[in-house]
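Residues per chain are reported as follows:
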Amino acid sequence: MPALSTAAASASKAPAARPRRHRPATGPVPDFDVVIIGAGSAGLSAALVLGRCLRRVLVCDGGAPRNAPSPAVQGFLTRDGTKPAQLLELGLHELERYTTVEVRTTRVTAIVRHGKQFELTAEGETGRSRTFTTRKILLATGVEDELPPLEGMREFWGSGVLHCPYCHGWEVRDQPLAVYGQGKTVTGLALLVSRWSRDVVVCTDGPGNLTANARRRLRLQGIQVREEPITRLQASADSGLELVFETGQLLARRAVFLHAHQHQRTNLAEQTGCRLTSKGAVWVDKNNQTSQPGIYAAGDTTPGTQQAILAAAQGAQAAICLNEQLTREECPK
Ligand SMILES: Cc1cc2nc3c(=O)[nH]c(=O)nc-3n(C[C@H](O)[C@H](O)[C@H](O)COP(=O)(O)OP(=O)(O)OC[C@H]3O[C@@H](n4cnc5c(N)ncnc54)[C@H](O)[C@@H]3O)c2cc1C
């Protein structure tokens, strides 16, 4: 038998081999430690942190982010004004060096729990379904906005029809603005928007359901209320767009703000029995864990203020909580 080299000889005297990375204590090893569903700001940020923890991660990229119709992501430190697609491309590029992270263009359609693991089914671009297993799941699937059924709303969504003054108020500051909606919601939004412009008109498209106090508060800020029904929004060479009232009158505005209703982009949270809040968001605890053990959520899908940088922060937070929970499970007491 040939003599062992010095290095090999000393290795043979080393204490019993220890696993290089933590592994689940028992049971079959699943394909991934974490599957992240959604490759927006929340999902990619979580993938970055988990990649840096050497976790085996699959990111399922099911398509465009919520802000796809918008020309730019505003208010994201160091990326203010970047195109939405470019922000995500930069994120995907940063993930390339983390070899334990895989990104697939695929849409998750089903999740089944098997004890402490999950089996996911996902449909790729060709329509072919595949299944894989994971220890934990992060839902970063975002929401979808429901626009009022008014001609032109969808066409101008993200450019002239805006959802948030924090995201877009600065770009339309000091210009003629409208705020669309009724009741308390339109009152609050109009008062907020009046921070960016002194020319704000509330358009309620029929009875505004405004209390006397709401009307007084609007009047004090110089905000006019128009309750005539609206037939459509149309392009205007001078101002950007105009609202066309049923009376035939036109109101030229640079932008219309509205508070759109929204719903979850997928039914995966419901399918897996995750608790939803009264507003339809996925409830999470302070560790970003849903009511279902092993399923975490981050970004717009959860309650709270919706901004790309906040979604990224929540993704990072969820990733840290996931890694710490996995570590606890791997290191017996
Ligand atoms: C018009 C508009 C403009 C905006 N502008 C700004 C702005 O300027 N600044 C700002 O900070 N915020 C802005 N926002 C808000 C911002 O878009 C969101 O806060 C942010 O995108 C939330 O990130 P997220 O990762 O939670 O969700 P998303 O960015 O919506 O990403 C969710 C991802 O999950 C994917 N997905 C969904 N279901 C599945 C599935 N079953 N399988 C696989 N993938 C799936 C979706 O395709 C999507 O890519 C804007 C929003 C809108 C609507």
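Throughout this document, residue positions are counted from 1 along each chain, in the order its sequence is written. Since the coordinates come from a predicted model, pLDDT governs what is reported: local features require at least 70, and pairs of side-chain atoms require 80 or more to be given and counted, while whole-chain, interface and lining totals use all residues. The basis for the side-chain values is all heavy atoms of the structure; hydrogens and waters are excluded.

A.B. asks: Before we go on, may I ask you to explain the pattern of salt bridges in this structure?
C.D. replies: Any carboxyl oxygen of Asp or Glu within 4 Å of a side-chain nitrogen of Lys or Arg constitutes a salt bridge here. A full pass over the atoms with the stated rule returns 13 salt bridges. We note a salt bridge from Arg 253 to Asp 199, for which the minimum N-O separation is 3.0 Å. Here Arg 253, found in strand E13 (residues 250-253), pairs with Asp 199, found in the loop between helix H6 (183-193) and strand E9 (200-203); they are 54 residues apart in sequence, far enough to count as distant. Exposure categories follow from relative accessible area, calculated using a 1.4 Å probe and restricted to protein chains: below 20% of the type maximum is buried, above 50% is exposed, and the middle band is partly exposed. Taking relative accessible area as the criterion, Asp 199 reaches 33% and is therefore assigned partly exposed. For Arg 215, the salt bridge is made with Glu 227, and the minimal N-O distance between the two is 3.1 Å. You can see Arg 215 sitting in helix H7 (residues 212-220) and its partner Glu 227 sitting in the loop between strand E10 (224-226) and strand E11 (230-236), a full 12 residues away along the chain. Taking the relative accessible area as the measure of exposure, Glu 227 reaches 28% and is therefore partly exposed. The structure contains a network of salt bridges with shared partners spanning Asp 33, Arg 55, Arg 56, Arg 135 and Glu 330. Strands are runs of DSSP state E lasting at least two residues, helices are runs of H or I lasting at least four, and both sets are numbered from the N terminus onward.

A.B. asks: Explain the layout of surface pockets to me, please; I cannot follow it from the model alone.
C.D. replies: Over the atoms rolls a probe the size of a water molecule, and its path tells where empty space is left. Of the pockets and cavities examined, the largest pocket occupies roughly 900 Å³. Surrounding the largest pocket, 34 residues form its lining, His 259, Ala 260, Gln 262, Gly 304 and Gln 306 being those nearest its centre. At the level of secondary structure, the elements contributing two or more residues to the lining of the largest pocket comprise strand E6 (143-146), helix H5 (165-168), H6, strand E15 (261-264) and helix H8 (268-271). Each residue gets one label: Ala, Val, Leu, Ile, Met, Phe, Trp, Tyr, Cys and Pro are nonpolar, Asp, Glu, Lys and Arg are charged, and the others, such as Gly, are polar. Considered class by class, the residues forming the lining of the largest pocket number 12 nonpolar, 17 polar and five charged. Quantified by volume, the second largest pocket comes out at close to 320 Å³. Throughout, the protein atoms alone are placed on a 1 Å grid, and a set of points is a cavity if a 1.4 Å probe fits but cannot get out or a pocket if it is open with protein on both sides within 12 Å along at least five of seven lines; lining residues have an atom within 4 Å of a point. Lining the second largest pocket are 15 residues; nearest its centre among them are Leu 48, Phe 76, Leu 87, Gly 91 and Glu 94. Mapped onto the lining of the second largest pocket, the elements with two or more residues apiece are helix H2 (41-52), helix H3 (84-95) and helix H9 (308-330). Counted by class, the lining of the second largest pocket contains nine nonpolar, four polar and two charged residues. Grid points are joined across faces, edges and corners, and a volume is the space filled by probe spheres set on the points.

A.B. asks: I would appreciate a short explanation of empty space enclosed by the protein in the present structure.
C.D. replies: Scanning all chains against the criterion turns up two cavities of 30 Å³ or more. Quantified by volume, the largest cavity comes out at close to 770 Å³. If you trace the largest cavity, you find 49 residues lining it, with Pro 65, Arg 66, Asn 67, Arg 265 and Asp 300 closest to the centre. Elements with a contribution of two residues or more to the lining of the largest cavity: H2, strand E2 (57-61), H3, strand E3 (101-114), strand E7 (161-162), H5 and H9.

A.B. asks: Before we go on, may I ask you to explain the site of the ligand in this structure?
C.D. replies: Here, proximity means that at least one heavy atom of the residue falls within 4 Å of the molecule or strand. Taken together, 38 residues surround the ligand, and among them Gly 63, Gln 74, Thr 266, Asp 300 and Ala 308 come closest. Gly 63 places a main-chain nitrogen or oxygen 2.8 Å from an oxygen atom of the ligand. The contact in question runs from a nitrogen atom of the ligand to an N or O atom on the backbone of Val 108, over 3.0 Å. Here the criterion for a molecule occupying a pocket or cavity is that more than half of its atoms lie within 2 Å of the pocket grid points. Applying the majority rule of atoms within 2 Å of the grid points places the ligand in the largest cavity. Mapped onto the shell around the ligand, the elements with two or more residues apiece are H2, E3, H5 and H9. Of the residues forming the shell around the ligand, the biggest block, three residues, is contributed by E3. Looking at the shell around the ligand, its residues break down into 15 nonpolar, 18 polar and five charged. A 3.5 Å cut-off defines polar contacts: any pair of N or O atoms within that distance qualifies, except that in protein one atom must be a possible hydrogen donor and the other a possible acceptor, and neighbouring residues in sequence count only when both atoms are side-chain atoms.

A.B. asks: Sorry if this is basic, but what is going on with H2 here?
C.D. replies: The length a helix should cover is 1.5 Å for every residue beyond the first. Under the 1.5 Å per step criterion, the end-to-end length of H2 is 17 Å for 12 residues, consistent within 8% with the ideal 16 Å. The element H2 is extensively covered by neighbouring structure, given that nine of its 12 residues are classed as buried. Of all the residues in H2, the buried ones are Ser 41, Ala 42, Gly 43, Leu 44, Ser 45, Ala 46, Ala 47, Leu 50 and Gly 51. Residues are treated as being in contact if the distance between any of their heavy atoms lies within 4.5 Å. Elements that come into contact with the buried residues of H2 comprise strand E1 (32-37), E2, H3, E3, strand E5 (129-139) and H9. The positive-phi residue at the C-terminal boundary of H2 is Leu 54, with phi of around 60 degrees.

A.B. asks: Looking at this structure, I do not really get a nonpolar patch on the surface. What am I missing?
C.D. replies: Together, Leu 77, Ile 309 and Leu 310 give the surface a local cluster of nonpolar side chains, amounting to about 270 Å² of exposed area. Its location among the elements puts Leu 77 in the loop between E2 and H3. Leu 77 gets classed as exposed once you look at its relative accessible area, which sits at 69%. Like charges are joined within 9 Å and nonpolar side chains (Val, Leu, Ile, Met, Phe, Trp, Tyr) within 5 Å, but only among residues with over 30% relative accessible area and no salt bridge; these make up the patches. Accessible surface area values rest on a Shrake-Rupley calculation with a 1.4 Å probe, where residue burial reflects the displayed protein chains alone.

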